Amino acid sequence: MSELIEVINVSKTFGKGEAAAKVLSGASLSVQKGEFVSLMGASGSGKSTLLYLIGGIDRQFQGTIRICGEDIGAMKERELSKLRLDKIGFIFQFYNLVQNLNVEDNILLPEMTKGRKRSELKESLEEILKITGLTDKRKAMPNQLSGGQQQRTAIARAVLASPEIILADEPTGNLDSAAGEEIMKLFSGINKEKGITILQVTHSETCAAYGSRIVRLANGKTE
């Protein structure tokens, strides 16, 4: 297996002077191709901060982060944007759906903004609608969906282009336990059937157990 995510001695500080708060202090993490890793830690431990650094959303850090062999700290913004579009799917606690677009248009949106045509995405769309159980909801608007259905739409959107990596930040945080379990089963299936590498941040031991490995973050470092 090859390493798709390498975090080497990464530190992160918010603020300056007396107000400075060090959130990460020499954190290191390695995720191999095909793994489903759960990142856990107490509230405020820096889990989400580390995930955003790995995804290139926050670029201010010390240390080294490599994604698919690329040192993202050395990349120009345009190069990093392309890497994110081509290699990474993001899923957040809040679903971030476009409210005036239906389910299938929300799923297609990122690929169509790259210039791809709806016709060439048809087969992939049908497959991901089936995998996520949304075929019957394809024309529904976000406000007509349950929380679990909205999160499945967000997952379908992230998976449509078959990214190398999915980064998920508390993906079940807004869901009840039953809906959360369905989302975890969906992640597990996507990981096993499509071979997509998943790194999820979660505070739930139950959700973390769906991963193939648990990494804990404490005192700014991974254990």
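Model, not experiment: these values are computed from the prediction. Residue numbers restart at each chain and count upward from 1, following the sequence in its written direction. Only residues with pLDDT of at least 70 are given local features in this predicted model, and only at 80 or more are side-chain atom pairs given and counted; all residues enter the totals for whole chains, interfaces and linings. In computing side-chain properties, one takes all heavy atoms of the structure into account and sets aside hydrogens as well as water.

Undergrad: I tried to follow the sheet that holds strand β9 (residues 213-218) on my own but got confused; where do I start?
TA: The pairing of strands in a sheet happens through backbone hydrogen bonds and is either parallel or antiparallel. Pairing between strands is defined by DSSP: at least two bridges between them are needed. The way it works is that DSSP assigns letters per residue, a run of H or I at least four long becomes a helix, a run of E at least two long becomes a strand, and they are numbered from the N terminus. If you walk across this open sheet you meet the 6 strands as β6-β7-β8-β3-β9-β10, and the pairing is mixed. Every other strand in the sheet has two partners, leaving β6 (88-91) and β10 (221-222) as the edge strands with one partner each. In terms of strand pairing, strand β3 (residues 36-41) meets β9 through 5 bridges, oriented parallel. Opposite Ser38, over in β9, you have Ile214 as the bridge partner.

Undergrad: For this particular structure, what's the right way to read unusual backbone geometry?
TA: Phi is mostly negative for residues that are not glycine, and the peptide bonds are mostly trans. Despite not being glycine, Asn9 shows a phi value in the positive range, around 50 degrees. With respect to the secondary-structure elements, Asn9 resides in strand β1 (residues 3-14). Even without a glycine there, the phi angle at Cys68 is positive, about 55 degrees. By secondary structure assignment, the location of Cys68 is in the loop between β4 (62-67) and β5 (70-71).

Undergrad: Please clarify how the packing of aromatic side chains should be interpreted in this entry.
TA: Each aromatic ring pair is summarised here by two numbers: the centre-to-centre distance and the angle between the ring planes. Paired rings are identified among Phe, Tyr and Trp, the last through its six-membered ring, by centres lying within 6.5 Å, and are further divided according to the angle between planes into stacked (under 30 degrees), edge-to-face (over 60) and tilted (the rest). Applying the stated rule across the entire model yields 3 aromatic pairs. Ring centres of Phe36 and Phe187 lie 6.4 Å apart, and the angle between their planes is 65 degrees; on these two criteria the pair is classed as edge-to-face. Within this pair, whereas Phe36 is found in strand β3, its partner Phe187 is found in helix α6 (residues 177-194), the two being separated by 151 residues in sequence. Classification of residues uses two cut-offs on accessible area relative to the type maximum, computed with a 1.4 Å probe and protein chains only: under 20% is buried, over 50% is exposed, and between them is partly exposed. Judged by its relative accessible area of 1%, Phe36 is buried. On the numbers, 6.0 Å between centres and 0 degrees between planes, the contact of Phe90 with Phe92 is stacked. One aromatic cluster is present, built from ring pairs that chain together Tyr52, Phe90 and Phe92.

Undergrad: Whenever I open this one, the nonpolar core confuses me. Can you help?
TA: Burial of nonpolar side chains together is a common tendency in soluble globular proteins. Working definition of a nonpolar core: buried Ala, Val, Leu, Ile, Met, Phe, Trp, Tyr and Cys residues. They are joined through side-chain atoms within 4.5 Å. One finds Ile107, Ile155 and Phe187 to be the most contacted residues of the largest nonpolar core, which totals 32 residues. Elements supplying a minimum of two residues to this core: α3 (103-113), α4 (118-131), α5 (147-159), β7 (165-169) and α6. For this core, the element with the most residues is α6, which contributes 6 residues. Once residues lying within four places of it in the same chain are set aside, the contact partners of Ile107 are Leu125, Ile128, Leu129, Thr153, Ala156, Arg157 and Leu160. By size, the runner-up hydrophobic cluster in this structure holds 30 residues, among which are Leu53, Ile54, Met75 and Leu80. Note on contacts: a residue pair qualifies if any of its non-hydrogen atoms lie within 4.5 Å across the two residues.

Undergrad: Would you take a moment to explain the packing of α5 against α6 for this structure?
TA: For any two helices packed against each other, one specifies the inter-axial angle together with the distance between the axes. Axes here refer to lines fitted to C-alpha atoms; in helices the fit is confined to the stretch in contact. Angles between the N-to-C directions go from 0 to 180 degrees. Axis separation between α5 and α6 bottoms out at 10 Å; the angle between their running directions is 20 degrees. In terms of their interaxial angle, α5 and α6 are classed as roughly parallel. The hand of the α5/α6 crossing is right-handed. Where α5 abuts α6, its residues Gly148, Gln151, Arg152, Ile155 and Val159 lie against Ala179, Ile183, Leu186, Phe187, Ile190 and Lys194. Gly is placed with the polar residues, together with every amino acid not listed as nonpolar (Ala, Val, Leu, Ile, Met, Phe, Trp, Tyr, Cys and Pro) or charged (Asp, Glu, Lys and Arg). Partitioned by chemical class, the residues of the contact of α5 with α6 number 7 nonpolar, 2 polar and 2 charged. Each angle is binned into one of four classes, with values under 35 degrees roughly parallel, values over 145 roughly antiparallel, values of 65 to 115 roughly perpendicular, and all other values oblique. The crossing is said to be left-handed when, going from far helix to near helix, the turn is anticlockwise and less than a right angle, and right-handed when the turn is clockwise.

Undergrad: Sorry if this is basic, but what is going on with the pairing of β9 here?
TA: Where a strand is regular, its side chains alternate between the two sheet faces. Examined bridge by bridge, β9 and β10 share 2 bridges and lie antiparallel to one another. Residue pairing in the sheet places Ala218 in a bridge with Lys221 of β10. Between the end of β9 and the start of β10, which pair antiparallel, lie 2 residues, with Asn219 showing a positive phi angle near 55 degrees.

Undergrad: Whenever I open this one, the pattern of salt bridges confuses me. Can you help?
TA: Pairs can form between side chains of opposite charge whenever their charged atoms are close. Salt bridges are identified by distance alone: a Lys or Arg side-chain nitrogen within 4 Å of an Asp or Glu carboxyl oxygen. Within this structure, the stated rule accounts for 18 salt bridges. Residues Arg213 and Glu35 are paired through a salt bridge, measuring 2.9 Å at the closest nitrogen-oxygen approach. In this pair, Arg213 sits in strand β9 while Glu35 sits in the loop between β2 (21-32) and β3, placing the two residues 178 residues apart along the sequence. Judged by relative accessible area, Glu35 falls into the buried class, the value being 13%. Of the charged contacts, one joins Glu104 and Lys139 as a salt bridge, the two residues approaching to 2.9 Å between their closest N and O atoms. One end of the pair, Glu104, is in helix α3; the other, Lys139, is in the loop between α4 and α5, and 35 residues separate them in sequence. For Lys139, a relative accessible area of 55% translates into the label exposed. A cluster of three or more residues bridged by salt bridges with shared partners is formed by Glu104, Asp105, Arg118, Glu126, Arg138 and Lys139.

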